[in-house]
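# Working through the structure, step by step
Chain by chain, the residues run as shown.
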Amino acid sequence: MTTVNVSNQDAAAAAGSKQVLTFTLGDETYGVDILRVQEIRGWSPVTRIPQAPAHVLGVLNLRGSIVPIVDLRMRFNLEHAEYTPLTVIIVLSIESAVGRRDIGLVVDGVSDVIDVPQADVKPAPELGQHVSTEFIEGLAAVAGRMVMLLDIDRLIGEDVTGVATVPAAANG
Amino acid sequence: MTLDLAQFHDAFFDESYEALDTMEAALLKLDLGAPDPELINTIFRVAHSIKGGSATFGFSEVASFTHTCEAVLDELRANRMEVTRHILDLLLKSVDVMRDMLRAVQHKEPIDAQRVADLQFDLELTIAQNNAAAAAPTSPQDSTAQVTASVEAEHSPSPETEASHSQGGEGSKRAHRWRILFRPRPQLMAHGNDPLRMIRELAELGPIEVKLDASDLPELTVLEPERCYFAWEIVVETDAEREAIDQIFDWAEGDCELTITDDYAPAQPQAPGASAEAQAPQPEPPAGSSNVVNIATAATAKASEPAKPSQDHHEGGKHGLGDGSSIRVSTEKIDELMNTVGELVITQSMLSQLGAKVSGPIGEQLRSGLAQLERNMRELQESVMRVRMLPISFVFSRFPRMVRDLSQRLSKQVELKVTGEQTELDKTVLEKIGDPLVHLVRNCVDHGIESPEARTAAGKPPTGVVSLEAYHKGGNITIEVADDGAGLNREKILAKARERGLVGPNDTLSDEQIDDLIFHAGFSTADQATDISGRGVGMDVVRRNIKELGGHIEVRSQPGKGSRFIITLPLTLAIVDGQSVAVGTETYIVPLVTIIESLQLKPGMVNRVAGQGEVFWFREQYVPIVRLHELFGIRPRATALHEGLIMVVEGDGKRVGLFVDDLLGQQQVVIKSLETNYRRVEGVSGATILGDGSVALILDVPGLIRVAAQSAAA
């Protein structure tokens, strides 16, 4: 089990720039704010919960607390991948309408921690009705790759709490 | 002085609230005719320490008000005033006012000055009236004049000269002439004590003479403003007993050298040893001056004051340093401890499973070690669990006051009997049982107990009795709330239930079934909704709250004799005795209390209702079968009913047979909330962590039965 403690990162990342943990799903690269990441661990079988959305796989024991596990592939309706010991769970803390929650996100693999200057973050373009982009905080081009920065509060909040996430200030 | 006293505020408020509770309880115990002097002393001490504390912290409004209360209490204590209902009412109101003032000060909100002033006026008026009535044998104005004079003089003590003054030392001879040698340690002021305040309080007792010893005062260049360099010799002529003097220095205990002697003590000739000790305050070897606490040297106190038992003031319990029997710990810390112990239990059972696989002589040793570990773990877990347990008196203590106020408002005569208030239960349960109990007690006083006239007419004593009782029974705690009033009016209940359509017009119900109707939503039979009970939130809420705690409530009533509500609650919400069951690859925990029986069905024992629902005959009734794997959408190992097991469980008075693959074992599990990181799931009350580190869900049987009924209907 790989446990990387990253919550103690140098928060003083120069103003206007933030550190992002990037991970992959298939060919795509996503990023989440490093300050939200609690730990990264390997896959282990989960306990199923009744009446849960399909992409909420179940719960795991994380050092004594019961943490729900969300399969991001299933959340994005991507093709299902087999869970192997190499499958990675990123444990994140999210802010929901009813308070802080810890959740685990199943992804294909973790790539890197990168600095993303605020100026490099571009809003996600409107892609029409069939592609929903409200949980994409922005797009950033880093070393020739496009990284989709996720608004995990919006993406996951409602799934785990059953309470709609308060929409952030309305813009674009 | 720039010392930040704010760091002590929280402790002061906590202690004061507790002290006020004590005071309230003591006030309620006071008999009108013949009050117990010890109780009055307790009440006086509380008022006194709140006054001292608030004066120290500069909460002058509180101090001033408390001072007035104290004055009334002093009259009571000296038997100069009788304990009347009126005074009790005033004092109880004062407790409320003090509580509110402290709360306002604590949260930096404005104090309701009008209310305080009104009550303070009433209190002062009472004293004045009483004094006038007593036709003052000694003139009280005289002594007040002296007090103000001496206190004013004390305001500006000059360090070089010995500030000494004696005012009106003549006059009527007092009972005592206390000679007090008061030498504070340098850190006295840092601990929030102010010598000036103490001297002022002494001055209130009678004519006072103060000599200042400034010989330790250092050069200005090395002087530390927050240290106390002075010592005083104080002579006060007063009728006040030794206890009153001790109380003034109560807070300084441990921070000063203090010798108190009585110049008038009759003991002097008989007990020269004692007075010698008093004169030479340090009979011990020289080291004594550094850390021996000399306050209330028992020998001197006893010798100079043979009449009063000097332990009196220690019995109050709360104050002083000697009382180290309890400490204040935040619940967060205890919860952390609980979590860690929970983790340890899991690790231990993981090790036990591993240990079972080790063979050979080492395996043998390992297993005996592990068995020892398991025993220790269980003890540790129980000890930690006990830390969270509190006596139910924390909840019961509010009722004497409530019943008193209610019965006054309703012009009823009600006596409250409380038994078993030392019965302990988990803090979480305790916090949540308060409101339902308040509701029940209110109901008993409001609806249960009749008016004195009605009672006399029915041949009962005019004073009704409401009783509260708590005791342990099995692994549960039972709380009974009973009254000896009219009992439930079954005709009225039934009529109302018919009117609401809860009961069909031709249904006949047993008495118990009728009584049970009061727990239905929106059911209040009071002809008139009073502001005391019957606000639409009724017994249904009470029952729901108790259910949420994993308990249940029932009512027993006899017409004309009264009603009795019986509440059964688990001792703790933190652990549950459970039976693990297997369904497919999943493990679930079923709380043991809900299980009636487990059995294996033979083909042919199962009947179908309308070709759909499966039922089987069990103890004189048909019980529906709930297939857990269907309900939870998992793939089982057994699909035919005779291959698995049926576990008959009961919840909300309904029985179902849960179909599971297999039974695994019984164990006590630590309950963890799913809602911490997820949300509530119907049919699941929580989760626990098994020996192998995996998570198992704990089933909520009543919820499960509801879900099953809904999914069957769908």
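As the structure is a prediction and not an experimental result, all values here were calculated from the model.

### A look at the overall build of chain A
Each helix and strand counted, chain A has 2 helices and 11 strands in total. Ordered by position in the sequence, the α and β elements of chain A form the string β-β-β-β-β-α-β-β-β-β-β-β-α. Considering only intrachain contacts with a sequence separation of at least 6, the fraction spanning at least 24 residues in chain A is 59%.

### With respect to the sheet that holds strand β3 (residues 231-238) of chain B
Residues and elements named next belong to chain B. With antiparallel pairing, the 4 strands of this open sheet are ordered in space as β2-β3-β1-β4. Both outer strands of the open sheet, β2 (208-213) and β4 (256-262), are each paired with one neighbouring strand and no more. Adjacent strand axes in the sheet meet at a mean angle of 15° when their direction is disregarded. Inspection of the sheet shows β2 paired to β3 by 6 bridges, in the antiparallel sense. Residue pairing for β3: Lys-211 is matched across the bridge by Glu-233.

### Structural notes on the packing of helix α3 (residues 60-77) of chain B against helix α5 (residues 113-133) of chain B
Residues and elements named next belong to chain B. One way to put it is that α3 packs onto α5 with a least axis distance of 10 Å and a crossing angle of 25°. The angle between the axes of α3 and α5 places the two elements in the roughly parallel class. Between α3 and α5 lies a crossing whose hand is left-handed. When α3 is examined against α5, the residues Glu-61, Phe-65, Thr-68, Cys-69, Ala-71, Val-72 and Glu-75 are found in contact with a partner set consisting of Val-116, Gln-120, Leu-123, Glu-124, Thr-126, Ile-127 and Asn-130. Here the contact of α3 with α5 is composed, by residue class, of 7 nonpolar, 4 polar and 3 charged.

### A short note on the confidence of the model for chain A
Residue and element names in this part refer to chain A. On average, chain A scores 81 in pLDDT, and the residues at 70 or more come to 83%. Overall, residues 1-14 carries pLDDT values under 50, and its contacts beyond four positions in sequence, including any with other chains, amount to 20 contacts. Residue range residues 166-172 is modelled with pLDDT below 50. Its contacts to residues more than four positions away, or to other chains, number 2 contacts.

### Comments concerning the interface of chain A and chain B
Taken together, the 19 residues of chain A in the interface contact 25 residues of chain B. Counting residues per element, the ones that place at least two in the side of chain A that touches chain B are β4 (56-62), β5 (65-71), β7 (99-107) and α2 (152-161) of chain A. If you tally residues by element for the side of chain A that touches chain B, the top one is β5 of chain A, at 4 residues. Considering only residue class, the side of chain A that touches chain B consists of 9 nonpolar, 7 polar and 3 charged.

### Regarding helix α21 (residues 539-548) of chain B
Residues and elements named next belong to chain B. For α21, every residue scored as buried is listed here: Met-539, Val-542, Arg-543 and Ile-546. Taken down its axis, α21 places every buried residue within 95° of arc, on the same side. For α21, the secondary structure elements touched by its buried residues are α17 (427-448), β10 (552-558) and β11 (562-570). Trailing α21 by a residue or two, Gly-550 shows a phi angle of about 80°, which is positive.

### A few points about the sheet that holds strand β6 (residues 414-419) of chain B
Strand pairing in a sheet relies on backbone hydrogen bonds. The paired strands run either parallel or antiparallel. All names here are of chain B. In spatial order, the strands read β6-β8-β9-β11-β10; together these 5 strands make up an open sheet with mixed pairing. In the strand order of this sheet, the two ends are held by β6 and β10, each with one partner. Direction aside, neighbouring strands of the sheet carry axes that sit 15° apart on average. Judged from the 7 bridges that link them, β10 and β11 form a sheet pairing that is antiparallel. Looking across to β11, one finds that Gln-558 is bridged to Gly-562. With respect to the sheet, α17 is in contact with β6, β8 (464-473), β9 (476-483) and β11, its orientation differing from that of β9 by roughly 20°. Sheet strands touched by α21: β10 and β11. Its angle to β10, the strand with the most contacts, is close to 140°.

### A few points about the environment of Ala-54 of chain A
Locating Ala-54 of chain A in the fold gives a position in the loop between β3 (37-42) and β4. Residues Ala-54 of chain A and Val-70 of chain A lie 16 residues apart in sequence; the distance between their C-alpha atoms is 9.0 Å.

### A short note on the packing of helix α16 (residues 399-409) of chain B against α17 of chain B
Residue and element names in this part refer to chain B. The interhelical angle for the contact between α16 and α17, taken along N-to-C directions, is 30°, at an axis separation of 10 Å. Comparing the axis directions of α16 and α17 gives the class roughly parallel. The element α16 and its partner α17 pack so that their crossing is right-handed. Between α16 and α17, the residues in contact are Phe-399, Met-402, Val-403, Leu-406 and Ser-407 and Val-441, Arg-442 and Val-445, respectively. Here the residues of the contact of α16 with α17 are counted per class, giving 6 nonpolar, 1 polar and 1 charged.

### What about helix α14 (residues 360-387) of chain B?
Given a rise of 1.5 Å per residue, 28 residues ought to cover 40 Å, and the 41 Å separating the end C-alpha atoms of α14 of chain B matches this to within 8%. In terms of burial, α14 of chain B is largely open, as just 2 of its 28 residues are buried.

### With respect to unusual backbone geometry
Not every positive phi belongs to a glycine, and Gln-51 of chain A is a case in point at roughly 55°. With respect to the element layout, Gln-51 of chain A can be found in the loop between β3 and β4. Overall, the presence of 15 C-beta atoms within 10 Å leaves Gln-51 of chain A in the partly exposed class. Phi at Lys-108 of chain B takes a positive value of approximately 55°, unusual for a residue other than glycine. In this fold, Lys-108 of chain B is placed in the loop between α4 (85-106) and α5. Residue class for Lys-108 of chain B comes out exposed when judged on the 6 C-beta atoms lying within 10 Å of it.

Scoring rules and cut-offs
Residue positions are given per chain, counting from 1 as you read along its sequence in written order. Chains carry letters and ligands carry numbers; both start at the beginning, A for chains and 1 for ligands, and go up in the order they are written. Residue-level local features of this predicted model are given only where pLDDT is at least 70; pairs of side-chain atoms are given and counted only at 80 or more, and the full residue set underlies all totals for whole chains, interfaces and linings. Here a helix means four or more residues in a row that DSSP labels H or I, a strand means two or more in a row labelled E, and each is numbered from the N terminus. Contact between two residues is assigned whenever their backbone-derived C-beta positions fall within 7 Å. The pairing criterion for strands is at least two bridges between them, as found by DSSP. What counts as an axis is a line fitted to C-alpha atoms, over the stretch in contact for a helix, and the angles between N-to-C directions run from 0 to 180 degrees. Should an angle fall under 35 degrees it is taken as roughly parallel, and over 145 as roughly antiparallel, whereas 65 to 115 is taken as roughly perpendicular and any remaining angle as oblique. Left-handed is the label given to a crossing in which the near helix is rotated counterclockwise from the far helix by less than a right angle, and right-handed is the label when the rotation is clockwise. The classification used treats Ala, Val, Leu, Ile, Met, Phe, Trp, Tyr, Cys and Pro as nonpolar, Asp, Glu, Lys and Arg as charged, and all other residues, Gly among them, as polar. For every residue, the predictor assigns a confidence score, pLDDT, that lies between 0 and 100. Put plainly, a residue is buried at 20 or more neighbouring C-beta atoms within 10 Å of its own, exposed at 12 or fewer, and partly exposed in between, counting only other residues' C-beta atoms, which are placed from the backbone. For this quantity, the arc is that covered by the directions from the helix axis to the C-beta atoms. Multiplying one less than the number of residues by 1.5 Å gives the expected span of a helix.

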